Amino acid sequence: MLYCEECLYPNTKPDLIFQNGICNACINFKNRKYIDWNKRKDELINIFKKYKSEDNNNWDCIIPVSGGKDSTFQVYKILKLGYNPLCVISSTCHLSDIGRYNIENLKKIGVDMIEFTANKKIRKKLNTIGLETVGDISWPEHISIFTIPVIFAVKFNIKLIIWGENSQNEYGGPASSVDNNILDRNWLENFGGLIGLRESDIVMLSDNSIKENELIPYRYPSDDDIKRVGVTGLFLGYYFFWNGIGNAIISQSLGMKTYESFVEGSSCNYENLDNYQTGIHDYFKYLKFGFGRASDIVNNQIRRNIISREDGLEIVKNHDGKFPSHYLDKNLKEILDYIDMNEEEFIKICDSFTNKQIFKTDDNGELLKINNKPILLNEII
Ligand SMILES: [Zn+2]
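Criteria and thresholds
Residues numbered from 1 in each chain as written. Predicted model: local features only at pLDDT ≥ 70, side-chain atom pairs only at ≥ 80, totals over all residues. Heavy atoms only, no water. Helix = DSSP H or I, 4+ residues; strand = E, 2+ residues; numbered from the N terminus. Rg over C-alpha atoms; globule rule 2.2 N^0.38 Å. Contact = heavy atoms within 4.5 Å. Areas by Shrake-Rupley, 256 points an atom, 1.4 Å probe, with all protein chains shown as cover. Lys, Arg positive; Asp, Glu negative; His and termini not counted. Charge placed at Lys NZ, Arg CZ, Asp CG, Glu CD. Donors = N, O, S within 2.8 Å, 3.2 Å for Na, K, Ca; no water. Tetrahedral: all angles 85-135°; square planar, octahedral: opposite > 155°, others 65-115°. Buried < 20%, exposed > 50% of the residue type's maximum accessible area, 1.4 Å probe, protein only. Axes fitted to C-alpha atoms, helices over the stretch in contact; angles between N-to-C directions. Parallel < 35°, antiparallel > 145°, perpendicular 65-115°, else oblique. Nonpolar A, V, L, I, M, F, W, Y, C, P; charged D, E, K, R; others polar. Phe/Tyr/Trp six-rings, centres within 6.5 Å; stacked < 30°, edge-to-face > 60°. Pairing = 2+ DSSP bridges. Right-handed = clockwise from strand over helix to strand, strands pointing away.

A. View of the overall build of the protein chain. Looking only at helices and strands, the protein chain has 17 helices and eleven strands in total. Against the compact-globule benchmark of 21 Å for 381 residues, the protein chain has a radius of gyration of 21 Å, which places it among compact chains. If you line up the protein chain on its principal axes, its C-alpha atoms span 70 × 50 × 35 Å. In the protein chain, the share of contacts with a sequence separation of at least 24, taken over all contacts with a separation of at least 6, comes to 72%. Taken as a whole, the protein chain presents about 17500 Å² of accessible surface, with 48% of it coming from carbon and sulfur. Of the charged side chains in the protein chain, 45 are positive and 52 negative; the average position of the first set lies 4 Å away from that of the second.

As structure tokens, this is what we get:
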């Protein structure tokens, strides 16, 4: 594995591109200083002039929200610009207590909100299918986060959807995607987290235990419907300088609760607070690519000169890839019970998705682990 010379991203990270030893998440961040943010803000205001409800009989836009730091910030910004959004929540796979608190907090800010909860029995089956087939327990959540707001935009005839950051700019991605300001079906299919598993595969993978009409929440509306309404999805991160830490501070000032310590497997206390399964999701990222959520957070902080690469490295070594024995204080057994899986089955799936080209094995090809955490072949330097 090779690492970016400025941050701690490895070249195993999907879609990340390196130029002269530096990853394009770092390059994109540096390029932001050349952006005229006032001009971008004016662009957004002009877009709203076109899309704002003229007769005040409909909402001006949809904001997909979770109650977390970024969506609370999105709501704050759009309200400050004087628009009337309809907030849409697609419930997480296993909503945490703190996640519930933050949803209720967001409602208090003063917006209309729809909270959509997909059939939980089906969702649990999809968690298992996602974990077993592509090593991603959060597959259904990542899909429905994108489909539900678009479904409601079509149903309610709302043209504009205001998404948060473009993850391809913030965390690195192909050049064509980095400066993109539009989230559409094409972006979703390439970068939205489908990772090779499509909604159309599910009926077959479930041995017909899931029916087609039970997958409505996971289906992006048809091109015809989107065209008829004229739905356009924009990234707010294109129009405002995006700063997760700043967003967290603003959201806390508006009442958002954080966790009492670093979130398990991460290196901050202000994000990924709303789903007990996220610890499993992040652990699998480590097993597949050799880096976890702690790296994402630390890298953002290194780019912003909040901590040095050297100190960040220590944090990453201590927090990335920890076995998810608990998450947000709920223990793994309870988290697995929720999807009818036991720890033995879980570890088998973990091992089958662990990339043996980047982790140490013994002479029999068995993975070597310390506290259930596989050991990287080469240490980060
Ligand atoms: Zn980098």
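What follows picks up the thread again.
B. Expanded view of the coordination of the zinc ion. Every protein donor of the zinc ion is listed here as C4 (SG), C7 (SG), C23 (SG) and C26 (SG), and their distances to the metal cover 2.3 to 2.4 Å. Coordination at the zinc ion is tetrahedral: its four donor atoms span angles of 103 to 114° at the metal. In terms of primary sequence, the donors binding the zinc ion are separated according to C-x2-C-x15-C-x2-C. Assessed through its relative accessible area of 0%, C7 is described here as buried.

C. Local environment of unusual backbone geometry. Its identity as a non-glycine residue notwithstanding, N208 has a phi of 65°, on the positive side. In this fold, N208 is placed in the loop between α10 (202–205) and α11 (223–229). Not every positive phi belongs to a glycine, and N371 is a case in point at roughly 50°.

D. Spotlight on the packing of helix α5 (residues 120–134) against helix α17 (residues 343–353). Taken N-terminus to C-terminus, the directions of α5 and α17 make an angle of 40°; their axes are 9 Å apart at the nearest point. Considering their axes alone, α5 and α17 lie oblique with respect to each other. Contacts between α5 and α17 pair L131, E132, T133 and V134 from the former with F346, I349 and F353 from the latter. Within the contact of α5 with α17, the residues separate by chemical class into five nonpolar, one polar and one charged.

E. Highlighting the packing of aromatic side chains. A complete count under the given rule lists 17 aromatic pairs for this structure. Seen in terms of ring centroids, F29 and F241 are 6.1 Å apart; in terms of plane orientation they differ by 65°. Their pairing is edge-to-face. Taken together, the positions of F29 in helix α1 (residues 24–31) and F241 in the loop between β7 (232–235) and α12 (244–253) put the pair 212 residues apart, joining distant regions of the chain. Relative accessible area serves as the criterion here: at 17%, F29 is assigned to the buried category. Between Y238 and Y239, the ring centres sit 4.9 Å apart and the planes meet at 75°, which makes this aromatic pair edge-to-face. Residue Y238 shares its accessibility class with Y239, and that shared class is buried. Members of the aromatic cluster, joined through ring pairs, are Y283, F284, F323, F346 and F353.

F. Spatial organisation of the pairing of strand β4 (residues 85–90). Across the six residues that make up β4, a large majority, six, are buried. Residues of β4 alternate between two faces, with P85, C87 and I89 on one and L86, V88 and S90 on the opposite face, all of them buried. In this sheet, β4 lies alongside strand β3 (residues 61–65) in parallel orientation, the contact comprising five bridges. Counted as the bridge partner of P64 is V88 from β4. Each parallel crossover has a hand, and the one from β3 via helix α3 (residues 69–80) to β4 is right-handed.

G. View of the environment of L106. Here L106 is to be found in helix α4 (residues 97–108). Its relative accessible area of 0% is what places L106 among the buried residues. With 247 residues separating them along the chain, L106 and F353 place their C-alpha atoms 37 Å apart. Not counting residues up to four positions away in its chain, the partners in contact with L106 are V65, G67, S71, T72, V75, V111 and M113.

H. Structural detail: helix α14 (residues 293–303). Taking burial as the measure, the eleven residues of α14 include eleven buried ones, the bulk of the element. Within the sequence span of α14, burial applies to R293, A294, S295, D296, I297, V298, N299, N300, Q301, I302 and R303. Elements in contact with the buried residues of α14: β2 (22–23), α1, α7 (167–171), α12, α13 (278–289) and α15 (309–319). N305 sits one or two residues past α14 and shows a positive phi near 60°.

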